[in-house]
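Residues per chain are reported as follows:
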Amino acid sequence: MNAVVEVETASMVPARSANPTAEVVAHAKTVQQVMQAVMKPNVHYGAIPGAGDKPTLLKSGAEVLCMTFRIADRYEVSDLSANGVVRYRVNCIGEHQITGATLGSGLGECSTDEEKYRWRKAVCQEEFDATPETHRRLKFGRKQGGHYTVQQIRTEPADLANTVLKMACKRAKIAMVLNVTAASDMFSQDLEDLDAELVRHLAEDERAAQIQALRDEWCQKAKAAKDRDELGAIMREGVKVFQASRDKDGYAAFAKAVQDRGAQLKEGSNV
């Protein structure tokens, strides 16, 4: 049975008040209530590894905020296409659904010249070989422990015209909602359309930093052991940590730190 969630209604239309600070606080509280009671992770907002601590607002989350604050969206599209490149710039204007008052706006842009739209993976070796050299490439990507290559060919801009227009509208709407609701302190600009390769790089960089921090932490614990009993306890616990993380290089560094500290403690006891 679905639970009924009550969220305070709010209006974005400026009202004359003797206490404008209270209005701002109430507004921020409403956004927080909506986020906690209605929005779901990876549905209305998400997280991009390495892109900061704030969650990123997704299109479905922007629509929830529009419904909460009674915001209607209107679009002004500028076609900037030229030289075989399809490019749109969109201004999304937020208006109050009841009064029609303009609340704010946000800009968004998208182009077939962006990395994610400009290239696609070749279907087969024959397609790659049949494509002119100026319209094909071998792309290099990073992966843990090395790199990989992908055969890619240029896309046809006309086939992606509708896609980039929708993306420009989405980006503009996200920007408008963040501007109008002043929710930028809780959400960052929508990043779900980042190039998959860039997201992978961010994730790998973040994981590398976490792994290095774990190595440093346990090596420092080993070096700070006051006696051989404490060093033994640290060693047993550290082994479990590095087995769980499957970090062979980290385990090797930790083992060396344990051995070095053990030698120091032994030498001290013989003095």
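Here the structure is shown first, and the text comes after it.
This is a predicted model, so every value here is computed, not measured.

### Describing the overall build of the protein
Scanning the protein for helices and strands turns up eight helices and eight strands. Split into buried and exposed, the 271 residues of the protein put 34% on the buried side. Taking the intrachain contacts of the protein between residues at least 6 apart in sequence as the baseline, contacts between residues at least 24 apart amount to 59%. Total accessible area on the protein stands at roughly 16,700 Å², and carbon and sulfur atoms take up 52% of it.

### Quick notes on the sheet that holds strand β4 (residues 87-96)
If you trace the three strands from one edge of the open sheet to the other, you get β3-β4-β5, paired in antiparallel fashion. The two strands at the open ends of the sheet, each matched to only one other strand, are β3 (71-79) and β5 (102-111). Across the sheet, the mean angle from the axis of one strand to that of its neighbour is 20°, orientation sign disregarded. Two strands pair when backbone bridges link them, and β3 and β4 are joined in this way by nine bridges, in the antiparallel orientation. Counted as the bridge partner of Glu76 is Asn91 from β4. Strands β3, β4 and β5 of the sheet are contacted by helix α5 (residues 161-181), whose axis makes an angle of about 145° with β5.

### Some thoughts on the pattern of salt bridges
Where side chains of opposite charge bring their charged atoms close, a pairing between them can arise. Going through the model one piece at a time under the given rule, you end up with 15 salt bridges. The residue Asp73 makes a salt bridge to Lys173 at a minimum N-O spacing of 3.1 Å. Residue Asp73 is found in strand β3, and its partner Lys173 is found in helix α5; the two are separated by 100 residues along the sequence. On the basis of relative accessible area, Lys173 is assigned to the buried category, the value being 10%. For Arg137, the salt bridge goes to Glu115, with nearest N and O atoms at 2.3 Å. Separated by 22 residues along the polypeptide, Arg137 in strand β7 (residues 136-143) and Glu115 in helix α3 (residues 115-118) bring together distant segments of the chain. Classification of Arg137 by relative accessible area gives partly exposed; the value is 22%. Judged by its relative accessible area of 33%, Glu115 falls in the partly exposed class. One salt-bridge network, in which partners are shared between bridges, spans Arg74, Glu76 and Glu95.

### As for α5
Compared with an ideal rise of 1.5 Å per residue, which puts 21 residues at 30 Å, α5 spans 30 Å between its outermost C-alpha atoms and is within 8% of the ideal. Taking burial as the measure, the 21 residues of α5 include 16 buried ones, the bulk of the element. Directly after α5, the chain includes Ala182, whose backbone phi takes a positive value near 55°.

### Thoughts on the nonpolar core
In terms of nonpolar packing, the biggest core is built from 33 residues, with Val31, Met39, Leu57, Leu65, Met176, Val177 and Phe187 touching the most fellow members. Those elements that place two or more of their residues in this core are α1 (20-37), α2 (59-68), β4 and α5. In contact with Phe187, other than residues within four places in its own chain, are Val31, Met35, Met39, Tyr45, Lys54, Pro55, Leu57 and Leu178. Ala225, Ile234, Ala257 and Val258 belong to the second largest nonpolar core, which has eleven residues in total.

### Thoughts on the side chain of Thr112
Examined against the element boundaries, Thr112 turns out to sit in the loop between β5 and α3. For Thr112, a relative accessible area of 4% puts it in the buried group.

### Describing helix α7 (residues 228-245)
The end-to-end C-alpha distance of α7 is 25 Å, a good match for the 26 Å that 18 residues give at a rise of 1.5 Å each. Listed as buried for α7 are Leu231, Gly232, Ile234, Gly238 and Phe242. Summarising the axial view, the buried residues of α7 lie within an arc of 160°, below the 170-degree limit, and thus occupy one face. With respect to the buried face of α7, the exposed residues turned more than 90 degrees away are Asp229, Arg236, Lys240, Gln243 and Ala244. Here α7 starts with a cap whose side-chain oxygen sits 3.2 Å from the backbone nitrogen of Asp229, and that cap is Asp227.

What counts and what doesn't
- Residues numbered from 1 in each chain as written.
- Predicted model: local features only at pLDDT ≥ 70, side-chain atom pairs only at ≥ 80, totals over all residues.
- Heavy atoms only, no water.
- Helix = DSSP H or I, 4+ residues; strand = E, 2+ residues; numbered from the N terminus.
- Buried < 20%, exposed > 50% of the residue type's maximum accessible area, 1.4 Å probe, protein only.
- Contact = heavy atoms within 4.5 Å.
- Areas by Shrake-Rupley, 256 points an atom, 1.4 Å probe, with all protein chains shown as cover.
- Pairing = 2+ DSSP bridges.
- Axes fitted to C-alpha atoms, helices over the stretch in contact; angles between N-to-C directions.
- Salt bridge = Lys/Arg side-chain N within 4 Å of Asp/Glu carboxyl O.
- Expected span 1.5 Å × (residues − 1).
- Core = buried A, V, L, I, M, F, W, Y, C linked by side-chain atoms within 4.5 Å.
- Arc of directions from axis to C-beta.
- Polar contact = N/O pair within 3.5 Å; in protein donor to acceptor, adjacent residues only side chain to side chain.

Taken by themselves, the reported measurements are silent on function.
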